[in-house]
Each structure stands twice: as structure tokens, then as C-alpha cells.
Amino acid sequence: MWGCVRLSRLISLGAAFALAGAVTATETGADPAPRRVVSINLCTDQLAMLLAAPGQLISVSDLAADPHSSAMADAARGYRVNQGRAEEVYLLAPDLVVAGAYTDPATIGMLRRVGLRVEQFDTAKSLTDTRERIAQMARVLGRDDEGTALIAEFDARLAELKAKAGNHPRAALYHPNGYTLGGGTLADDILRAAGFRNLAAELGHRGGGTLPLEQLVMAAPDLLISAAPLPGASRSEAVLGHPALDALRKGRAGLRITSPDWICGTPHVLNAVERLTDARRALPEGGQ
Amino acid sequence: MSRLALALSALVAVLFAASLTTGPSDTSTLSDLSALFLGGDGPLPLVMREIRLPRALLGLMIGASLGLAGAAMQGYLRNPLAEPGLIGVSGSAALGAVLAIHTGLAAAFTLGLPLAALAGAGTGVLLVLMLAGPRGASITLILAGIAISALAAALTSLVLNLSPNPYAASEIVFWMMGSLADRSMTHVWLALPLMVVGWVGLATLGRGLDALTLGEDAAEAMGIRLTRLRLTLVVGTAFVVGAATAVAGAIGFVGLVVPHLLRPLVGARPSRLLWASALGGAAMVLAADLAVRLVLPERDLKLGVLTALVGAPLFLHLIYKTRAEMA
């Protein structure tokens, strides 16, 4: 009994702390623009690089400079690179740390305990989310005008790309280990914006999951999209050379993509949409 | 004895057919089989011949290999705990395979992968036999097994963690647990030649292992050359376990469970246990591979998860029995 009381008190105490935290967060949101911003997540890296004032962003994560993951690897070379560890981030003396929603909670907790302001960004699961992430980054950086301009540009380009939509051929995303992305993901939204139907979504996949090779071969999509090989061999990628997949590729259009444009909710997703739209128009009867 | 052989063969045949006709796409058994044998239009013949057939064949081959290797090792060491997975032979084979893939050896020439796994497995068996001694007393065998398994697993993880390829680290679970998902006929042809060599070698051990049940002196008096028997065992096990691990990862417990279950049915004669365990192992891996496709088809469950779920309780039972005997 006592244990229960104790537990409920702890919970209410915890809730009180959480509320207090929320209040501080809103208060700090009204602060003047931060001057030393450190980003420790690939997606916030790119948003921050697009929106920050010169000199405002002082460090990005190491992934931002990796051309296999980052759509802005060249731009990232102009920044100091961090590994996202609490200690090095603290030593950079930032007044704002931007991180992803799934950044290691231990790191986030440590940064908050030592008194740093941390803003977390949820993963973008659609093109609409992407607009919101841009707006959120603009808000925390105190760069609302730049944010509004970037969103307007995004909307205009998206509308232009969508106007080219024709009939809707089926595309399948098939990545190493048979990984695919179904409904409710950014990749699904990219496919649809480019005028495709997503095979995995049609088969009932939501979120990420594995698409059995057998189902893929049976469904025979109009366009097969798979990841470009990465450096260093891996067993996971071996499935992309499976004889059944080779046989499937013979009959239809294939596309090997480099995925950085697909990973993060940034304006770069429109490059992915554009490439896909071109691929659709190149299909024998898919474009019209 | 022949009744047991018939029953086991029938079981393997049924499971093999079930493996061929089980898959995520909704097709009838009849159309599956006609597509397999007669071909035809559409994607189904491709699915049957390039995806399901290699999976079923590999299940059969790998199961038989692990069962046979387990029975042979247990016969030689006269210890029911000797099992390729448990004592680190599969783990060392996995290390060899991982090294081959990540140094580019596997891509450089076709047989690089299975041969590297063979070298790994060979080293593993040799180390275990050396460390455990010819009698294979339980305590030294288990200690040697733990040491080699841990070392092989640590080095495998290290290689995968150091790889520049982001997928490599997630493959640790494959190499520790094994899977038959999305294998192709290429893998069958990679593994088969080595396995056949190993099967032939291990199959010749029957008479020697029978004699060994009377003790080493008696066996030698009966004209069994122990050094040669030991060499055949090492080489045969390395060939079958190396080939199996190279294409499907380290699948544990098959070589432990199967000989243990079948031993009473063959009158505890090691020579009979060899072929019985080969059939039983094939049945167990085929059944486990069916289960991973039926229980949680969308999650790509690893084979080792299921074999361990069956194997671990049996292991506990063995410990319990051993304690009762010692008391």
C-alpha cells in the first residue's frame, strides 16, 4: 500500500517536473536568437545549415559530411564536425543544441542536466511534416523570415512537380535486407508526389518493414528502386544481386538511388521527387 | 532400425514439400509444384526455382550437416554436450565467413567465402579438441567451448563494427543466429561440394566410433587408428559446419538436440546415430525454417531463435540428468 502511495507521489512529482520543463521550454522559445548552435542529428544538421545566419551554427554531426547519408555533404565541410557526444557538445559552449527525437536519450538527458537548451525535432513522415520541420527550425533559430521564404519556395516547386503527374504506375522500394517503406513514411509520400503508387503500401505495410523477395517478384512493379551499393561489402546488400531480382530487372525499369535526398525532411526531398518524376516519364507507358 | 529410417525419411520428405509450398504469396500447392517442375508463364516459376527451392534445399543440407557433425563429435568425445554451435565451431566458421566478406576475399573469387568459413571451422574444431583433450571431459569441453565461442563472437562483432558499411553492424545477429531467407541457388552450389566431402568423411567414422564406446585401448586393439579417426572427424566437421555457416550463419543446438533425442531409438550405437542424426537434423532445420515463415512472417525471425527455444530446455534437462547421475 505504502509502495503504491510512494509510487503515485513519484509520478506526480515527475509530472510536475515535466510541466516545469515545458514551461521553461516555451519561455526559452521566446528568447532572442541563439548565437552558438550545435546540431547533433543528420536531419537537423541540414535544416540548420539551410536556415542559420552566418556564424550562428558552429558545429554539425559527422554524418552531415558523409556523402552517403547527407544531401549537403559539401556544405557540411565548412563546419566543425561533432560525434554527438555530450562532453564534446558541452565543450563547444552552445546556447542551443538541436537534436532528433530519437537521438540517444542518455545524451539528451546529460545535456539538459548540465543546463544546455536542447530542442528535439521529430522525424518527418510526410512532405507536410517537412514544411513543419522547416518552420520549427526557423523558429528556434530566430530566423522566421528565412523559414517562410524557404517554405514558399518548397510549396511552389512541389506544386510544379505535382502538376506533371500522369497515370499511376507502381513502384517498389527494395533496400538491403529486403527493407522497404510502406504507408505513413516520407518515402511513401515522395513516391506519391512523383505520381507513383507504392507497392509496399498497397500490400498493407505501414512504416518500415521487410518485403519478402517472393512477394516483390510476384507483384512485378513497374519501377524497382533500390539503394546504390555502399563502400565495404556486406551480406545485407547481397540480396540485391539475387538471381530472381536480376530476372525481374530484365523486364522493367530499375533505378539505383543514392538515398540522402530520401532520408530527411528537408527541401532536398524535392530532388528525389524530381528524379522519380523523370523516371516515371521514361517508363514505356507510365508517363502519360 | 529400418523402420526408424523410413519414418525419418518420410518426415524429411513431408517437411521439404511443406517448405517448398510455404511462402508469403497466396498460391495453391498444385500451381506451386507445377511451376516448379513444368515451368510456365508469369513470375511463379521464378519464385519456385530461384527462391523457394534453394531455401528448402539449404534447410535439408544444413540440417543434415549439423546433425551429422553433432553425432560424430558426441561419439568421438563420448560426451553429449559436444555440439558444433555450443562449442564454438559454428562461431569460428562465422568469423571466417565475415572476414572473407569484409576483406573482399568473397568477392574476389567464388569459393572464397565457403573456404574461409571452412578454415574458421577447422581452427575451431582443432582448438576445442586440443583444449578438451581426447576424452572430452565435460568441464574442459565446456570451458574450451565458452572460450572459443566468446572469442569468435567478439572478433566477428569487432570486424562488423569496424566495417565502413552501415549495414555490417546489423549483420551480427545473422552470423550468431542464422537464417535461410532470400538465399539463392548460388549458395546451394557454394555449399554443396564442401558438404559432400564432409558427409563422406563423417559417414566413414561409424565403425571407429562404435569401437570407441569400449574405450580407447579396446578400440586400438580392434585395429582402429585413433589419430586417423580424429583427423577425419576434424576435417569432416570443418567441411560441413564451415559450408553450412558460410551460407546460413551459425545455427545452434541442432547438433545437440537431434542426437540426444534419437540416441535411445538407435540403441545408443554411434554408427547408427550418424545417419539418424543427419535425417533428424534435416527435419529439425526444415521445421524451424517453416516456423519462422509461419509464426511471424513479416519479422524475418532468425532460425537460431527457434532452435535455441527448443534446445535450451533440453540442455537444462541434460544438466539435471548429469547432476542426478553424479549424486
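Counting restarts for each chain: residues are numbered from 1 in the order of the written sequence. Going through the entries in the order they are written, you letter the chains from A and number the ligands from 1. Predicted model: local features are reported for residues with pLDDT of at least 70 only, side-chain atom pairs are reported and counted for 80 or more only, and whole-chain, interface and lining totals are derived from all residues. In computing side-chain properties, one takes all heavy atoms of the structure into account and sets aside hydrogens as well as water.

1. Some words on the overall build of chain A
For helices the rule is a DSSP run of H or I covering at least 4 residues; for strands it is a run of E covering at least 2, with both sets numbered from the N terminus onward. Looking only at helices and strands, chain A has 14 helices and 11 strands in total. For chain A, the proportion of its 288 residues judged to be buried stands at 49%. For chain A, the share of sequence-separated contacts (at least 6 apart) that also reach a separation of at least 24 residues comes to 63%. Of the roughly 13,600 Å² of accessible surface on chain A, 56% is carried by carbon and sulfur atoms. Burial status follows relative accessibility: with a 1.4 Å probe on protein chains alone, a residue under 20% of its type maximum counts as buried, one over 50% as exposed, and anything between as partly exposed. The criterion used for residue contact is that any of the two residues' heavy atoms lie within 4.5 Å. We get accessible surface area from the Shrake-Rupley algorithm with a probe of 1.4 Å; when it comes to residues, only the shown protein chains can shield them.

2. Let's talk about the overall build of chain B
Counting its secondary structure elements, chain B contains 15 helices and zero strands. In terms of overall dimensions, chain B is globule-like: its C-alpha atoms have a radius of gyration of 20 Å, near the 20 Å expected for 327 residues. Seen through its C-alpha atoms, chain B measures out along the principal axes to roughly 65 × 50 × 35 Å. Looking at chain B as a whole, 54% of its 327 residues qualify as buried. A separation of at least 24 residues holds for 77% of the contacts in chain B among residues at least 6 apart in sequence. Positive residues here are Lys and Arg, negative ones are Asp and Glu, while His and the chain termini are left out of the count. Each charge is placed at NZ for Lys, CZ for Arg, CG for Asp and CD for Glu. Taking the average place of the 19 positive charges on the side chains of chain B and the average place of its 15 negative ones, the gap between the two points comes to 9 Å. As defined in this context, the radius of gyration uses C-alpha atoms, and a globule is described by 2.2 Å times the residue total to the power 0.38.

3. Observations regarding the packing of aromatic side chains
In summary, the pairing rule links any two rings of Phe, Tyr or Trp, Trp by its six-membered ring, whose centres are within 6.5 Å, and it sorts them by plane angle into stacked for under 30 degrees, edge-to-face for over 60 and tilted for everything else. Inspection of every chain in the model, using the stated rule, returns one aromatic pair over all chains. Between the aromatic rings of Phe174 of chain B and Trp175 of chain B, the centroid separation amounts to 4.8 Å while the plane-to-plane angle is 80°, which identifies the pairing as edge-to-face. We call a charge positioned over a ring when the NZ of a Lys or the CZ of an Arg lies within 6 Å of the ring centre and within 35 degrees of the ring normal. We note Arg235 of chain A situated over the ring of Phe174 of chain B; from NZ or CZ to the ring centre the distance is 3.4 Å.

4. What about the nonpolar core?
Residues grouped as a nonpolar core are buried Ala, Val, Leu, Ile, Met, Phe, Trp, Tyr and Cys residues, joined through side-chain atoms within 4.5 Å. Counting 116 residues, the largest nonpolar core has Tyr174 and Leu216 of chain A together with Ile62 of chain B as its most contacted members. For this core, the element with the most residues is helix 3 (residues 44-77) of chain B, which contributes 18 residues. Leaving out residues up to four positions away in the same chain, Tyr174 of chain A has contacts with Tyr179, Leu211, Leu213, Leu216, Leu224, Ile225, Ser226, Ala227, Val239, Leu240 and Leu245 of chain A together with Asp182 of chain B. Among the nonpolar cores identified, the runner-up in size contains 26 residues, and Leu181, Leu191, Val269 and Ala279 of chain A belong to it.

5. A short note on the interface of chain A and chain B
Each side of the interface is counted separately: chain A has 23 residues, and chain B has 28 residues. When two parts are brought into contact, each loses some accessible area as probed by a 1.4 Å sphere; the total of that loss over both is the buried area. Carbon and sulfur atoms make up 64% of the area that chain A and chain B hide from each other, which totals about 2,200 Å². When residues of chain A are sorted by the area they lose upon contact with chain B, Glu214, Met218 and Arg235 of chain A head the list and together hold 34% of the total. The set of elements that each furnish at least two residues to the side of chain A that touches chain B consists of helix 10 (213-219), helix 11 (235-238) and helix 12 (243-251) of chain A.

6. Some points on the side chain of Ser226 of chain A
Residues and elements named next belong to chain A. As for its placement among the helices and strands, Ser226 is situated in strand 10 (residues 223-227). For Ser226, a relative accessible area of 1% corresponds to the buried category. In contact with Ser226, other than residues within four places in its own chain, are Tyr174, His175, Leu240, Arg249, Leu255, Arg256 and Ile257.

7. Topic: the pairing of strand 4 (residues 96-100) of chain A
Residues and elements named next belong to chain A. Burial analysis of strand 4 places five of its five residues in the buried class, the great majority of the element. Taking every second residue as pointing to the same face, both faces of strand 4 are buried, with Leu96, Val98 and Gly100 on one and Val97 and Ala99 on the other. Pairing between strand 1 (residues 37-39) and strand 4: three bridges, direction parallel. Directly across from Val38, in strand 4, lies its bridge partner Val97. As judged from the four bridges shared by strand 4 and strand 5 (residues 118-121), these two strands associate in the parallel manner. Looking at the pairing, Val98 lines up with Glu119 of strand 5. In this analysis, strands are considered paired if DSSP registers two or more bridges between them.

8. Section: the pairing of strand 2 (residues 57-61) of chain A
Residue and element names in this part refer to chain A. Counting buried residues in strand 2 gives five out of five residues, a clear majority hidden from the surface. Relative to strand 2, strand 1 runs parallel, the two being bridged by two bridges. From the neighbouring strand, Val37 faces strand 2, where its bridge partner is Leu57. A clockwise course of the path from the first strand over the helix to the second, judged with the strands pointing away from the viewer, identifies a crossover as right-handed. Tracing the backbone out of strand 1, into helix 2 (residues 42-51) and back to the parallel element strand 2 gives a crossover that is right-handed. Sheet topology places strand 2 next to strand 3 (residues 80-82); three bridges connect them, and they run parallel. Bridging across to strand 3, Val60 finds its partner in Val81.

9. Observations concerning the UniProt feature "transmembrane region" (unreviewed entry) in chain B
Residues and elements named next belong to chain B. Mapped onto the present numbering, the UniProt feature "transmembrane region" (unreviewed entry) falls at residues 51-73, 85-105, 111-132, 139-160, 186-205, 231-254, 274-296 and 303-320. Secondary structure content for residues 85-105 is 76% helix and 0% strand, while the C-alpha to C-alpha distance between its ends is 24 Å. Along residues 231-254, the helical share is 79% and the strand share 0%, with 23 Å between the first and last C-alpha atoms. UniProt positions are given in the numbering used here, feature names are shortened, and annotations may be inferred rather than shown by experiment.

10. Brief notes about the sheet that holds strand 3 of chain A
Residue and element names in this part refer to chain A. As summarised here, the arrangement of the five strands in space is 3-2-1-4-5, forming an open sheet in which the pairing is parallel. Every interior strand has two partners, whereas the edge strands, strand 3 and strand 5, have only one. Looking at each pair of strands side by side, their axes are set apart by 25° on average, direction ignored. The strands touched by helix 2 within the sheet are strand 1, strand 2, strand 4 and strand 5, with strand 2 carrying the most contacts at an inclination of about 150°. Each axis is a line fitted through C-alpha atoms, and for a helix only the stretch in contact is used; angles between axes span 0 to 180 degrees, taken between their N-to-C directions.

11. Considering the domain arrangement of chain A
All names here are of chain A. What marks off one domain from the next here is an automatic or database domain assignment. Entries for chain A in the domain assignment read domain 1 (33-124) and domain 2 (164-282). Domain 1 and domain 2 are separated by 29 Å when their C-alpha centres are compared. Counting residues at the interface gives 12 residues for domain 1, matched by 12 residues for domain 2. A buried area of about 930 Å², summed over both sides, lies between domain 1 and domain 2, and 73% of it is on carbon and sulfur atoms. Every case where a carboxyl oxygen of Asp or Glu lies within 4 Å of a side-chain nitrogen of Lys or Arg is listed as a salt bridge. At the junction of domain 1 with domain 2, the criterion picks out zero salt bridges. Looking at the side of domain 1 that touches domain 2 residue by residue, the class counts come to eight nonpolar, four polar and no charged. In the scheme used here, Gly and all other residues not listed as nonpolar or charged are polar, with Ala, Val, Leu, Ile, Met, Phe, Trp, Tyr, Cys and Pro taken as nonpolar and Asp, Glu, Lys and Arg as charged.

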